[in-house]
Amino acid sequence: MYSDVTEVSSEVVLRPRLEGVNVGDWIGFKHIMYLAEEAFRVHGVRDKSRVVFMNAKPTLFTAPYYIPALERVIKSRGMEVQLGQELVALRPDAREAVFRDVKTGTEQVMRYDMIHVTPPLGPPDFVRTGPLANADGWVEVDKFSLQHVRFPEVFGLGDASNLPTSKTGAAIRKQAPVVVENLLALRAGQPLTTQYDGYTSCPVVTGRGKLIMAEFNYAKEPVETFPVDQRAERFSMYALKAYMLPRLYWHGMLRGRA
Ligand SMILES: Cc1cc2nc3c(=O)[nH]c(=O)nc-3n(C[C@H](O)[C@H](O)[C@H](O)COP(=O)(O)OP(=O)(O)OC[C@H]3O[C@@H](n4cnc5c(N)ncnc54)[C@H](O)[C@@H]3O)c2cc1C
């Protein structure tokens, strides 16, 4: 599969032009870059490959605290990053991708043997076009109470909401109890005092058995769960994501226990 690889753009990420909206901080898409680079090495074609991560966003990661660690991993493995580059055209027959610099408008053509593209992400149409949506199409809730700004009896959470944090299941795990508490308070005629702080978690798989566990809030400050430096690549964090979090999801979150 990789034997004729001469140049590889392992990753191309398009982002929706919606300020404050991040879907999983694009972690799933960065995984591909790290895992592809590792696969090329394992299959003996890394020296014939060029691995480039291109993203329309201006920074590598939302929370600055984790950027140096991610940059170290990228540099140590000879990968390249080009930020502020928006994919505007694909020419599959010629195996060419056209990127436009979001600041200067200059276009560059990248040749590829393999490309992984993430299309713009957004709310489903029935949300985007419905009465609960804001101008960008997301369910418009207060970012702390999660109560809808125009319909007090409506609360919103999850990917379809306009919450200005990276959209993840981990974030929803913290949002759900806030919705429950505030819904009960509303029904009891009490003030809504429970607040969501924007907590989210982005487990960045940097290779087989290696993971950087980023956790942060609205202020993009680290809010880490474990008494270790979570910026380091760790097997323990990989094991947590691979083996523990699925159980937490199925047996804890979905049953309202965690
Ligand atoms: C590649 C990738 C990797 C990720 N990795 C992580 C991770 O490691 N950790 C983490 O915490 N999060 C991760 N996430 C994010 C996480 O998956 C989402 O934040 C989470 O699933 C959002 O849940 P949700 O219920 O809000 O929306 P969804 O899970 O999108 O649920 C919405 C549901 O609505 C349904 N639906 C849509 N339209 C209609 C309709 N018209 N009628 C009825 N139903 C409809 C859909 O089918 C879907 O089932 C990742 C996401 C991606 C894409």
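As the structure is a computational prediction, the values presented were derived from the model and not from experiment.

(A) Representation of the overall build of the protein chain within the structure. Within the protein chain, the secondary structure is distributed over five helices and eleven strands. When burial is assessed residue by residue, the protein chain has 32% of its 258 residues classed as buried. Residue pairs at least 24 apart in sequence account for 54% of intrachain contacts in the protein chain once pairs closer than 6 positions are excluded.

(B) The nonpolar core, seen in detail. Of all hydrophobic cores here, the largest spans 29 residues; its most connected members are M33, Y66, L70, V204, L211, I212 and A214. Residue assignment for this core shows that the elements contributing at least two residues are α1 (27-42), β3 (51-55), α2 (67-76), β6 (96-101), β10 (200-207), β11 (210-216) and α5 (235-253). Per-element accounting of this core gives the leading share, five residues, to β11. V139, L146, V178 and Y196 belong to the second-largest nonpolar core, a separate cluster that totals ten residues.

(C) Main features of the sheet that holds strand β7 (residues 107-111). An order of β5-β6-β7 is seen for the three strands of this open sheet, with the pairing classed as antiparallel. The open sheet has two edge strands with one neighbour each: β5 (85-91) and β7. Neighbouring strand axes in the sheet, compared pairwise and without regard to direction, differ in orientation by 30° on average. Pairing between β5 and β6: six bridges, direction antiparallel. From the neighbouring strand, A89 faces β6, where its bridge partner is V98.

(D) A look at the pairing of β7. Alignment of β6 against β7, held across five bridges, turns out to be antiparallel. Looking at the pairing, R100 lines up with E107 of β7. Between β6 and β7, which follow one another and run antiparallel, lie five residues, and G105 among them has a positive phi close to 80°.

(E) Representation of the pairing of strand β4 (residues 80-83) in the model. Pairing of β3 with β4, which is carried by four bridges, proceeds in the parallel orientation. Bridge pairing links N55 to L83 in β4.

(F) Structural context of helix α4 (residues 169-187). If you check α4, its first and last C-alpha atoms are 27 Å apart, about what 19 residues at 1.5 Å a residue would give, namely 27 Å. Phi for G189, located one or two positions after α4, is positive at around 75°.

(G) Focus on the environment of V223. Locating V223 in the fold gives a position in the loop between β11 and α5. Measuring from C-alpha to C-alpha, the distance between V223 and Y199 comes to 7.4 Å, with 24 residues separating the pair along the chain. Those residues in contact with V223 that sit more than four places away from it in its chain are Y199, E215, F216 and N217.

(H) Focus on the confidence of the model for the protein chain. Averaged over every residue, the pLDDT of the protein chain is 89; the share at 70 or more is 89%. Across the protein chain, α4 holds the top mean pLDDT of 97, while strand β1 (residues 8-13) sits lowest at 39. Counted against residues more than four places away or in other chains, residues 1-24, with its pLDDT under 50, gives 78 contacts.

(I) Region of the structure containing unusual backbone geometry. One non-glycine residue, L146, lies in positive phi territory at about 70°. If you trace the backbone, L146 turns up in the loop between α3 (125-128) and β9 (166-167). The backbone of K220 sits at a positive phi, close to 65°, despite the residue not being glycine. One can find K220 in the loop between β11 and α5. By the C-beta count within 10 Å, which is 16 here, K220 ends up partly exposed.

(J) Seen up close, the environment of R173. Counting through the fold element by element, R173 comes out in helix α4. On the basis of neighbour counts, which here come to 18 C-beta atoms within 10 Å, the residue R173 falls in the partly exposed class. Measuring from C-alpha to C-alpha, the distance between R173 and Y249 comes to 9.0 Å, with 76 residues separating the pair along the chain.

Reading the values: the criteria
- Residues numbered from 1 in each chain as written.
- Predicted model: local features only at pLDDT ≥ 70, side-chain atom pairs only at ≥ 80, totals over all residues.
- Helix = DSSP H or I, 4+ residues; strand = E, 2+ residues; numbered from the N terminus.
- Buried ≥ 20, exposed ≤ 12 C-beta atoms within 10 Å, placed from the backbone.
- Contact = placed C-beta atoms within 7 Å.
- Core = buried A, V, L, I, M, F, W, Y, C linked by C-beta atoms within 7 Å.
- Pairing = 2+ DSSP bridges.
- Axes fitted to C-alpha atoms, helices over the stretch in contact; angles between N-to-C directions.
- Expected span 1.5 Å × (residues − 1).
- pLDDT = per-residue confidence, 0-100.

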